[in-house]
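Observations on chain architecture
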Amino acid sequence: MKIGFIGLGNMGAPMASNLAAAGHDVTGFDTVTKAPEGIASAASAAEAASGQDVVITMLPNGGILRTVADEVIPAMGPGAVLLDCSTVDVDSARAVAEQAEAAGLLAADAPVSGGIGGASAGTLTFMVGGSEAAFSKLSPLFDIMGQKAVHCGPSGNGQAAKICNNMILGVTMIATCEAFALADKLGLDRQKMFDVVSTSSGYSWSMNAYCPAPGVGPQSPADNNYQPGFAAELMLKDLRLSQQAAEAVDADTPLGSDATRLYSQFVEDEDGRGKDFSAMLPRFEKRHRS
Ligand code: NAD
C-alpha cells in the first residue's frame, strides 16, 4: 500500500519503519523529527497524505489531531483511509472520523497499548473504532505493527476502550502500591505479600506482571530504579482523558477521579515526572496517615 505517516515521534517512527520493512511505500511528515531510514520525507502533512491509500497519524493530543485532520482530509482521495493511532479524547476521535467520512473517506481510531518497546517489536495491541470496511482494509497493517487488533465498535470506541483500560490500570497500580506500603508498616515481607496476593483474589496485572516492589515478581521498571516503562505523566494524560469522557457522558467514576488527583499531585508537585507510574510505591512508603 501507499501510506502517509504523520507524527514520527517515539511511537510513530518505529511503527512507520515496520510498515516500510514489510514492503509498503511509506512517506512521513513530522514538524520536528526527521523521517527514519526507509521512509520518504514530505514537506507538509498535506503532501504526505496526498495520493495515499492509508494515512496514519500518531500525534500528542486531540487538538493537534484536529488541526492535522483539517490539513490532510482535503488532500486525500475518495476511498482512502484515515487511521489515527494517537491517544486522544473520544470527542476529537469522533469529530475527525465524521469529517473524514463526510469527505468520502474511511476512518478509524486505533489507540495502542504496548509502549515504545511494542512499537519497535511490532507487538502493539490496537483498540479499533470505525466501520467494518475500515477495519478490514487496515487489518494487514495492524498485523505488521502489532500482535492483536480488537474491533471495538464505531468511531471513538477504540479511544473509549483505551481510557477505560488505563483507568483500571491507574486505580489498580495505586491500590497495589498503597497495600505494599501498608504491608511494610505491618511487618509483612514484600516477597510473602507477592506470593499471597499474586495467587489470591487481590491479583492484577499491576501486581503479577508489573510488580511495583523492586526485586519481587517478574522484572519490571521497579528493578531499574523506576525508569519508564510507562511514565507517570502518560498515565496522568490517560486518566485525565477518562475523566473528561466521564464528565461528557455523566458517568460516576470516583476511583478514576481519585487516581487522576493522585497522579496529578505526583507528577506536578512531587517529582514524579519522568518516573515510571509504579513509582507510586516509594511515594506511599514515605507518607503517613494525615
Ligand atoms: P512523541 O511526542 O514522541 O511523538 C509525537 C510526534 O508528533 C512528535 O515527533 C511531534 O514532533 C509530532 N507532531 C506534533 N505536532 C505535529 C504536527 N502538527 N504535524 C506533524 N507532526 C507533529 O509521542 P509518542 O510517545 O510517540 O506518543 C504518540 C501518541 O501515542 C500519544 O498520543 C501518546 O499518548 C500515545 N501513546 C504513547 C505511548 C508511549 O509509551 N510513548 C504508549 C501508548 C500510546
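Just so we're clear, the structure is a prediction, and the values are computed from it rather than from any experiment.

Brief notes about unusual backbone geometry
Gly229 follows Pro228 through a cis peptide bond whose omega is 15°. Position of Gly229 relative to the elements: it lies in the loop between helix H9 (205–208) and helix H10 (232–248). Even without glycine at this site, Asn225 takes up a positive phi of about 55°. Looking at the element boundaries, Asn225 is found in the loop between H9 and H10. Taking the relative accessible area as the measure of exposure, Asn225 reaches 63% and is therefore exposed. For Asp271, which is not glycine, the phi dihedral falls at a positive 70°. Along the polypeptide, Asp271 turns up in the loop between helix H11 (254–269) and helix H12 (280–285).

So, the site of the ligand
In the neighbourhood of the ligand, 24 residues make up the surrounding shell, with Asn10, Met11, Asp30, Leu59 and Lys237 lying closest. The backbone of Thr31 places a nitrogen or oxygen atom 3.5 Å from a nitrogen atom of the ligand. In this structure, an oxygen atom belonging to the ligand sits 2.8 Å away from a side-chain N or O atom of Lys237. The fraction of the free accessible surface of the ligand (830 Å²) that becomes covered by protein chains is 82%. Only helix H3 (62–72), helix H5 (115–121) and H10 provide two or more residues apiece to the shell around the ligand. For the shell around the ligand, the residue count by class is 13 nonpolar, 8 polar and 3 charged.

Definitions and cut-offs
- Residues numbered from 1 in each chain as written.
- Predicted model: local features only at pLDDT ≥ 70, side-chain atom pairs only at ≥ 80, totals over all residues.
- Heavy atoms only, no water.
- Helix = DSSP H or I, 4+ residues; strand = E, 2+ residues; numbered from the N terminus.
- Buried < 20%, exposed > 50% of the residue type's maximum accessible area, 1.4 Å probe, protein only.
- Near = heavy atom within 4 Å.
- Polar contact = N/O pair within 3.5 Å; in protein donor to acceptor, adjacent residues only side chain to side chain.
- Areas by Shrake-Rupley, 256 points an atom, 1.4 Å probe, with all protein chains shown as cover.
- Nonpolar A, V, L, I, M, F, W, Y, C, P; charged D, E, K, R; others polar.

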